[in-house]
Amino acid sequence: MTQRITIDPITRLEGHGKIEIFLDDKGDVANTYFQIPELRGFERFCVGRPVEEMPLLTNRICGVCPEAHHMAAAKAADAVYHVDPPRTAKMLRELLYSAFYVTDHATHFYALAGPDFVMGPDAPVAERNILGVIHKVGLEIGGKVINARKAGHTVIEMIGGRKVHPCTSIPGGLTKGITNEQRDEILKLGQWAVEFGQFSLKLFNDIVLGNKAYVDLILGDIYTHRTYYMGMVDENNNTNFYDGKVRVVGPDGAELVKYAPQDYTQHIAEHVEPWTYLKFPYLKAVGWKGFTDGKDSGVYCATPLSRLNAADGMATPLAQEEYEKFYKTLGGKPVHQRLATHWARLIELLYAAERWVELASDPEIASDNFHTKPTEIPTEGVGIVEAPRGTLTHHYTTDERGVLTKVNLIVGTTNNYAPISMSIEKAARSLIKKGTVVTEPMLNMVEMAFRSYDPCFGCATHSLPGQMPLQVTIRNADGEPIEVLKQFC
Amino acid sequence: MKTLVIGLGNPILGDDGVGWAVAESLQATVNRPPSTVIETASLGGLSLMERMLGYDRVVLVDSMETGQSPAGCVRVFPLASLPDPGPGHSASAHDTSLMTALKTAEQIGAAIPRRVDVVAIEAQNVYDFGEELSPPVAAAVPVAVEKVLELLKEDP
C-alpha cells in the first residue's frame, strides 16, 4: 500500500505551500513533492502601464518583502531609461534597504527560526513560537524585537514615504531626500540596531552553538547539500544587498561566473516539471541534471548562507569578524549545511545594521541631489537586488514612450525551489524510516528543512481565515485518509 | 476612545482588494463617526498588530475564503472567534498569526486594543491579478459598509 503524507501549511497570508510525502508499501519514503500554486496574470496586469509605476505595483506582489520589489523595480526602471541616479539617491535607497533587512531578518530569527532552537524541535508546538521564546529567554527580548522592527519602519517611512510599501523611488533616483534632523535620528537608530545585531549573535552563540545537540543537528548530513551558491558582491567581492554583480561559486567554493544584471539570461535557464506551475531556475553553463547536488548539477541556492559562500567577506568590521568565526567554526568555505543559514542570516543582520550607520554617517546623505532627470528614450532594463530570501531579478521592456511591453521576474524563493525540494526529500528520507510512526516533532524536523530557506510564495493577499494550521494527512493507495494530524492545539 | 477601521488585502489581486474598497467607501460616507480613523493596509501578523497599537478598538475588513458561503456573503464576528493557528509558528512561513502577535504585544506591555471585530466578505477570485472585484463581491461592499457602521454604534 502506498501512503501519502501531506504537510499543508496553507496560508492565504503569503500564498500556499504544500509538502506531499509518498511512502512505499514498506513505509519508507518513495518520493516528495513541494508544490506552490502560482498567482496568475501579473505580467498581463503590468503590460500597457508606464514603467515608472512598477516600483509601486511590484511591491504589491508580495506581502513579505515589498521593499525588495520596490528596489529591484526602481533599478530596472533606471536601466530602462538609461539613467544613473546620483550618489545620494543610491545611498538613500541602500540605507532604506539596510533598515528593511534588519527588520526582516530579526522577524525571521525571533518569530520563526529561533523557536526551533530556543525551545527545541521536540518542544510542544504550543511553545514553539515567539511567545515561547519570550517566556524562556525573558520579556526584554520581545521588546527588543519590536524595537528593531519599529526602528526599521521609521527609516523606511522617512526615506520611502510609507512604513511598509515605499513609494519614493522613480527612474533616476528618488522623489525626496532627507533632512539633517532625519539623518541624525536615522544614525541613532542604526547605532541601536548594531547593538541589537551583536546581541542576537551572542544569543545564537549561547543557545545554539553552546548546545552540542544543536551543533550536531546543524552539522549532520540530514540538512546538507553540496550545490552552487549565488549572491551579489561589490567590487571587492564583499556581500552587497543593493548593488553589484551576481557571483556564483561551485560546491568547492571556486567562482563559476560573475555577471552584470543585464546578462542574467546568458547564465540562468528554467526547468519545467509536470507537477508544478513554478519553474526551476538552474545554471546554464552546468545544465539541469535533476534534483541532485554536486558539481555536475546546475542547481544553485540563493540564501543568506549562499551569499556568504559566494562572497569573499563582509564589507563592515563587526560582520567580518563574525564571518571569519562562522567559517572557522563550521570547517571552512563553503558551508553546505542548510541549518547554518540561520546563523548566516544573523551575520547579515549585523552587516545591514553597520551599513545603515555607515550610510547615515556619509556627509552627502542629506544632500538635495537625489534625482537625475532621465533624458534618453526608454528601451529595456534589468534590475537586481538581493532580497532577504534570494537574488531578485526584474526585467522590463518598454516602447519608446516607456509603456511596458514585457515583464519578467525571477523572485527570491524561485531560485531556491529545487534546493528546497531536495532538502525536504532528504530530511524526510532520513527521518521517516520503515516502521517509524510519523509524529509531530518529526514533521517539524522535515519542515525545518524548508524553513531555513525562509521561503516566500509571494502574494499580499489576506483572505481570512488568514492562516491555517499545519495539516498532515496520510492516505492509502486509494486516496482514503487513514490518519489526520493537525499541528495546532 | 480611539477607533481604527482597517481595510485589509491586496488591491491588485481581484477580490482580495475588497477590504480596501470598503474602507474607501467608508471614507466617503458622511455619517461615519468623526473620531474614527480609516486606513487601508496589506499587512498581517506582527505588522498588522503594530498598526493597531494605541487604539482602543479596531474593526478589520477583509476578504474571506471559507468555500462554505456564496461569494459576497458578509459576516461579522469578534477576532477571538477565529481559530488561532498561532501556537504553531509553522502556520505561516514569515509571520506569526495576528492573535499571537497581539499576545506578544500584550506580554511586553504594549497598549493593544480592548476590542477587535472582523467584517469579512466571502471572495470568489483571489488568484488572478486585477483591480476589479467580481460582481457579487462588488455588490457586497455597501452591505459591509453598513455592517461596519452598525458595529461602530455598539458599545466598545
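Everything numeric in this text was worked out from a predicted model, so none of it was measured.

**Observations concerning the overall build of chain B**
Looking only at helices and strands, chain B features four helices and five strands. Each of the three principal axes of chain B carries a C-alpha extent, and together these read 45 × 40 × 25 Å.

**A look at the overall build of chain A**
Secondary structure summary: chain A contains 15 helices and 16 strands in total. Here chain A holds 489 residues, and the buried ones make up 57% of them.

**Overview of the nonpolar core**
Ranked by internal contacts, the top residues of the largest apolar core, which has 186 residues, are Leu95(A) and Val61(B). Among the elements that take part in this core, helix H4 (residues 87-118) of chain A stands out by supplying 18 residues, more than any other. If you count residues domain by domain, this core takes at least three from each of domain 1 (3-37 + 433-487) and domain 2 (84-224 + 337-373) of chain A. Setting aside its immediate chain neighbours within four residues, Leu95(A) contacts Val155(A), Ile159(A), Trp356(A), Leu359(A), Ala360(A) and Ile365(A).

**A short note on the domain arrangement of chain A**
Residue and element names in this part refer to chain A. Once the domains are mapped, chain A shows domain 1 (3-37 + 433-487) and domain 2 (84-224 + 337-373). Of all the elements, helix H15 (residues 440-451) adds the most residues to the side of domain 1 that touches domain 2, at seven residues. Broken down by class, the residue content of the side of domain 1 that touches domain 2 amounts to five nonpolar, three polar and three charged.

**Side note on the packing of H4(A) against helix H12 (residues 341-360) of chain A**
All names here are of chain A. At their nearest, the axes of H4 and H12 sit 8 Å apart, and the two run at 150 degrees to each other. The orientation of H4 relative to H12 falls into the category roughly antiparallel. In the crossing of H4 with H12, the sense of the turn from one axis to the other is left-handed. Listed contacts from H12 to Met-91, Glu-94, Leu-95, Ser-98, Ala-99, Tyr-101, Val-102, His-105, Ala-106, His-108, Phe-109 and Ala-113 of H4 are His-342, Arg-345, Leu-346, Glu-348, Leu-349, Ala-352, Ala-353, Arg-355, Trp-356, Leu-359 and Ala-360. Looking at the contact of H4 with H12 residue by residue, the classes come out as 15 nonpolar, four polar and four charged.

Cut-offs and rules
Residues numbered from 1 in each chain as written. Chains lettered and ligands numbered in written order. Predicted model: local features only at pLDDT ≥ 70, side-chain atom pairs only at ≥ 80, totals over all residues. Helix = DSSP H or I, 4+ residues; strand = E, 2+ residues; numbered from the N terminus. Buried ≥ 20, exposed ≤ 12 C-beta atoms within 10 Å, placed from the backbone. Core = buried A, V, L, I, M, F, W, Y, C linked by C-beta atoms within 7 Å. Domains from an automatic or database assignment. Contact = placed C-beta atoms within 7 Å. Nonpolar A, V, L, I, M, F, W, Y, C, P; charged D, E, K, R; others polar. Axes fitted to C-alpha atoms, helices over the stretch in contact; angles between N-to-C directions. Parallel < 35°, antiparallel > 145°, perpendicular 65-115°, else oblique. Left-handed = near helix turned anticlockwise from the far one by under 90°.

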